[in-house]
Amino acid sequence: MSITIVGSQLGDEGKGRIVDIFCDEADIVVRYQGGDNAGHTVVIGDEKYQLSLVPSGAISGKIGILGNGCVVNPKTLFDEIDGLRKRGIDPKVYVSQRAHIIFPFHKIVDNLEEVAKKEMKLDAGTTGRGIGPTYEDKAGRRGIRVGDLLDEELFLEKLEYLVQKRSKIASDVFGSVVDEAFDVEAIYREYCAYGKRIKNEDMAIVAGEFITKEIKSGAKVIFEGAQGTSLDIDHGIYPHVTSSNSSSGYAATGSGVSPRIIGNGEIIGIVKAYLSRVGTGPLPTELEGEFADDLRERGGEYGTVTGRPRRVGWLDMPMLRHAARVNGFTGIVINHIDVLAGMGDIKVAESYEFRGESIRTLPPTTELWGECQAEYITFPGWPECDWRDIAENGYEALPKTAQDYMDYVAKEVDADIIAVGVGPSRSETVLRRRPFNW
Ligand code: GDP
Ligand code: IMO
Ligand code: MG
């Protein structure tokens, strides 16, 4: 039995906190794409954990796996594991031998490319973690994988080729100085040490086989998506996207299990009650001015990874309908209902005005999306409440206006609401159905 958790908008919908809550009843949590561009927050009482690579189940002591579809920066991974150990949590993390490795030069090239594209407004506003260039090397069949780190001779051979290629791109294409980030010897030393630690701590596995075997023996598995559907490289607002498929189809490919496992389980779309966006590109429902500042402050809308203030906007139904189709949601979770409390009427883009017509889903290109004007409907807002009390008393205890808002969303995406976030912590969640029990 599996549950796949997917961001249905532009990332930061609160996926990590839902994985944390659901994994109470799970055995394994698998990340299937992305890398340390993700920032997943788990709040338990006064303790806050921000996880970039370690799957969110680690806080509950569940096994975490980074699947083949992930790109892994070993330094971030070990820093994160060590940081958790210092806080008294000893995460058990396995890494697929097929996952690709991020090197220091990937980060350099990531930033060089962003600067080069800025003038044409084609930059994505990346997290600068080297995600794109690492996936480029994967697709270019010159990438280095976790399994390669375990064979030092082979690793050196592959590294020499890759560094030569990447140095040339940095100097000849971008006119950049090639510094220590491209120093084969230094990288080799550092990464051989990571390889040794991976070996010593028995972290490298054949993830697809491991997960499939566990599921066959009755294990409950959560597949934890990173980013969101509008950041998906195929289904998002290209080129202002990340370099992997964050949608549910990739949960199979990125972890090495059959699509039947994903399809036979639940696919839960995580929805933020409004929009937030850290990167570039059009945003038809974008809010500006004092109201936007207020919303940003109330929602703490600053990037988990970069600290950048997030852009904010009203809920965008064409975007959500698109996400529902691409992912096949069997249920949704709506987070951040508390953030909108006391802010007056709530607007929702029901459709777009596009070249004289009203359309209900996304146009095929980002340039066309940029032409779309939101057509709004308005819902009466709801007041501040004692959210913990509501969380204890269930969905019916939520203000009727908030229920109407959420019921509308659920109807439009044709999926039941299975939980509602009314605050960042575990106890501020209205759970309508127990995970794995519906
Ligand atoms: P993720 O990347 O999807 O895991 O989301 P992030 O952790 O990057 O961003 C979500 C932010 O909103 C975090 O600071 C969470 O603690 C917080 N959060 C999640 N759900 C809720 C909610 O229902 N209400 C409020 N106020 N904050 C929430
Ligand atoms: P989580 O998992 C929000 C955005 C970046 C940029 C684009 C490409 O926490 O929801 P990248 O560094 O991946 O090459 O950047 O994608 N982005 C995210 N935005 N949440 C994330 O992850 C993101 N990961 C990447 O801002 O626009
Ligand atoms: Mg995040």
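Residues numbered from 1 in each chain as written. Chains lettered and ligands numbered in written order. Predicted model: local features only at pLDDT ≥ 70, side-chain atom pairs only at ≥ 80, totals over all residues. Heavy atoms only, no water.

1. A short note on the coordination of the magnesium ion (ligand 3)
Convention followed: Sodium, potassium and calcium take a 3.2 Å donor cutoff, other metals 2.8 Å, and in both cases only N, O and S atoms count; water is not among them, so sites may look incomplete. Numbering of helices and strands starts at the N terminus; helices are DSSP runs of H or I of at least 4 residues and strands are runs of E of at least 2.
Taken together, Asp 12 (OD) and Gly 39 (O) make up the protein donors of the magnesium ion (ligand 3), found 2.0 to 2.2 Å from the metal. One end of the pair, Asp 12, is in the loop between strand S1 (2-7) and helix H1 (15-22); the other, Gly 39, is in the loop between strand S2 (28-31) and strand S3 (40-44), and 27 residues separate them in sequence.

2. Comments concerning the site of ligand 1
The line we're drawing: Proximity criterion: a residue is near a molecule or strand once any of its heavy atoms comes within 4 Å of it. A 3.5 Å cut-off defines polar contacts: any pair of N or O atoms within that distance qualifies, except that in protein one atom must be a possible hydrogen donor and the other a possible acceptor, and neighbouring residues in sequence count only when both atoms are side-chain atoms. As a working rule, the residues Ala, Val, Leu, Ile, Met, Phe, Trp, Tyr, Cys and Pro are called nonpolar, Asp, Glu, Lys and Arg charged, and the rest polar, with Gly in that last group.
In the vicinity of ligand 1 lie 20 residues, with Lys 15, Gly 39, Thr 41, His 336 and Asp 338 positioned nearest. With respect to ligand 1, the backbone of Gly 16 contributes an N or O atom lying 2.9 Å from an oxygen atom. Mapped by element, the contributors of at least two residues to the shell around ligand 1 are H1 and S3. Taken together, the residues of the shell around ligand 1 break down into 4 nonpolar, 10 polar and 6 charged.

3. Re the state of the cysteines
Here is the rule: Two cysteine sulfur atoms make up a disulfide if the distance between them is within 2.5 Å.
Per the counting criterion, the structure on display carries 0 disulfides. Residue Cys 23 stays outside any disulfide, its sulfur separated by 17 Å from that of Cys 70, the closest cysteine.

4. Observations regarding the domain arrangement of the chain
Keep this limit in mind: Boundary definitions for the domains trace back to an automatic or database domain assignment. In this description, contact between two residues means that some pair of their heavy atoms is separated by no more than 4.5 Å. When two parts are brought into contact, each loses some accessible area as probed by a 1.4 Å sphere; the total of that loss over both is the buried area. One speaks of a salt bridge when a side-chain nitrogen belonging to Lys or Arg is within 4 Å of a carboxyl oxygen belonging to Asp or Glu.
Along its sequence, the chain is carved into domain 1 (2-92 + 206-429) and domain 2 (100-200). Contacts between domain 1 and domain 2 engage 29 residues on the former and 22 residues on the latter. Contact between domain 1 and domain 2 buries roughly 2,100 Å² in total, counting both sides, with carbon and sulfur atoms accounting for 56%. Counting every contact that joins domain 1 to domain 2 gives 2 salt bridges. With a closest N to O distance of 3.8 Å, Arg 129 and Asp 36 form a salt bridge.

5. Thoughts on the pattern of salt bridges
The following threshold applies: Only protein chains enter the accessibility calculation, which uses a 1.4 Å probe. A residue is then buried if its area is under 20% of the maximum for its type, exposed if over 50%, and partly exposed in between.
Summed over the entire model, instances satisfying the criterion amount to 32 salt bridges. Of the charged contacts, one joins Arg 166 and Glu 136 as a salt bridge, the two residues approaching to 3.1 Å between their closest N and O atoms. With Arg 166 in helix H6 (residues 152-173) and Glu 136 in helix H4 (residues 131-139), this pair connects stretches of sequence that are 30 residues apart. The class of Arg 166 is buried, set by a relative accessible area of 1%. Two residues, Asp 148 and Lys 158, come together in a salt bridge whose shortest N-O distance is 3.1 Å. Of the two residues, Asp 148 is situated in helix H5 (residues 146-149) and Lys 158 in helix H6; the sequence distance between them amounts to 10 residues. Look at Asp 148 and you get buried, because its relative accessible area is 7%. On the basis of relative accessibility, which here comes to 31%, the residue Lys 158 falls in the partly exposed class. Through salt bridges with shared partners, one network takes in Asp 82, Arg 85, Asp 90, Arg 197 and Glu 201.

6. Thoughts on helix H7 (residues 184-200)
Inclusion rule: To estimate how far a helix should extend, the number of its residues minus one is multiplied by 1.5 Å. Each direction from the helix axis to a C-beta atom contributes to the arc, which is the arc of those directions.
Counted at 1.5 Å a residue, the expected span for H7 with its 17 residues is 24 Å, and the 24 Å between its end C-alpha atoms agrees. Residues of H7 that are buried: Ile 187, Tyr 191, Cys 192, Tyr 194, Gly 195 and Ile 198. Projection of H7 onto a plane perpendicular to its axis shows the buried side chains occupying an angular sector of 165°, all on one side. Opposite its buried face, H7 presents the exposed residues Glu 185, Arg 189 and Asn 200, each directed more than 90 degrees away. Looking at the buried positions of H7, the neighbouring elements they touch are helix H2 (74-86), strand S8 (100-101), helix H3 (104-118), H5, H6 and strand S9 (204-205). Two to three positions downstream of the cap, the backbone nitrogen of Glu 185 sits 3.0 Å from a side-chain oxygen, assigning the N-cap of H7 to Asp 183.

7. A word on the site of ligand 2
Our working rule: Using the Shrake-Rupley algorithm and a 1.4 Å probe, accessible areas are obtained, with residue cover drawn only from the displayed protein chains.
Around ligand 2 lies a shell of 21 residues, among which Lys 15, His 40, Ala 124, Thr 127 and Thr 242 are the nearest. One of the backbone N or O atoms of Gly 39 is found 2.9 Å from an oxygen atom in ligand 2. The separation between an oxygen atom of ligand 2 and a polar side-chain atom of Arg 277 is 3.1 Å. Here ligand 2 loses 98% of its free accessible area of 550 Å² to cover by the protein chains. A class-by-class count of the residues in the shell around ligand 2 yields 7 nonpolar, 10 polar and 4 charged. For the shell around ligand 2, the two domains that each supply at least three residues are domain 1 (2-92 + 206-429) and domain 2 (100-200).

8. Quick notes on the nonpolar core
Defined as follows: Throughout, nonpolar core names a set of buried Ala, Val, Leu, Ile, Met, Phe, Trp, Tyr and Cys residues whose side chains join them through atoms within 4.5 Å.
Among the nonpolar cores identified, the biggest contains 62 residues, and Phe 223, Ile 332, Ile 337 and Tyr 405 are the most heavily contacted of them. Of the residues forming this core, the biggest block, 7 residues, is contributed by helix H15 (residues 400-413).

9. Digging into the side chain of Ser 167
Within the secondary structure, Ser 167 is located in helix H6. Classification of Ser 167 by relative accessible area gives buried; the value is 15%. Of the polar contacts made by the side chain of Ser 167, one reaches the backbone oxygen of Val 163; its length is 2.5 Å. Those residues in contact with Ser 167, other than ones at most four positions away along the chain, are Val 178 and Phe 182.

10. Points about the sheet that holds S9
Formally: Paired strands are those between which DSSP finds at least two bridges. Each axis is a line fitted through C-alpha atoms, and for a helix only the stretch in contact is used; angles between axes span 0 to 180 degrees, taken between their N-to-C directions.
Ordered by their spatial adjacency, 10 strands build an open sheet running S9-S7-S5-S2-S10-S1-S11-S15-S19-S20, and the pairing between neighbours is mixed. Strand pairing shows two members of the sheet lacking a second neighbour, S9 and strand S20 (429-431), which therefore form its edges. Inspection of the sheet shows S1 paired to strand S11 (residues 266-272) by 5 bridges, in the parallel sense. Across the sheet, residue Thr 4 finds its bridge partner in S11, namely Ile 267. The strands that H15 touches are strand S15 (331-335) and strand S19 (416-421); relative to S15, the one it contacts most, it runs at about 145°.

11. Points about the packing of H2 against H7
Convention followed: An angle below 35 degrees is read as roughly parallel, one above 145 as roughly antiparallel, one from 65 to 115 as roughly perpendicular, and any other as oblique. Each crossing is labelled by how the near helix is turned from the far one, with a counterclockwise turn of less than a right angle marking it left-handed and a clockwise turn marking it right-handed.
Packing of H2 against H7 brings their axes to within 10 Å, and their N-to-C directions diverge by 50°. One finds that H2 runs oblique with respect to H7. You can see that H2 and H7 cross each other, and the crossing is left-handed. Residues Pro 74, Lys 75, Phe 78, Ile 81, Asp 82 and Arg 85 of H2 pack against Glu 190, Tyr 191, Tyr 194, Arg 197 and Ile 198 of H7. Its residues assigned to classes, the contact of H2 with H7 comprises 6 nonpolar, no polar and 5 charged.

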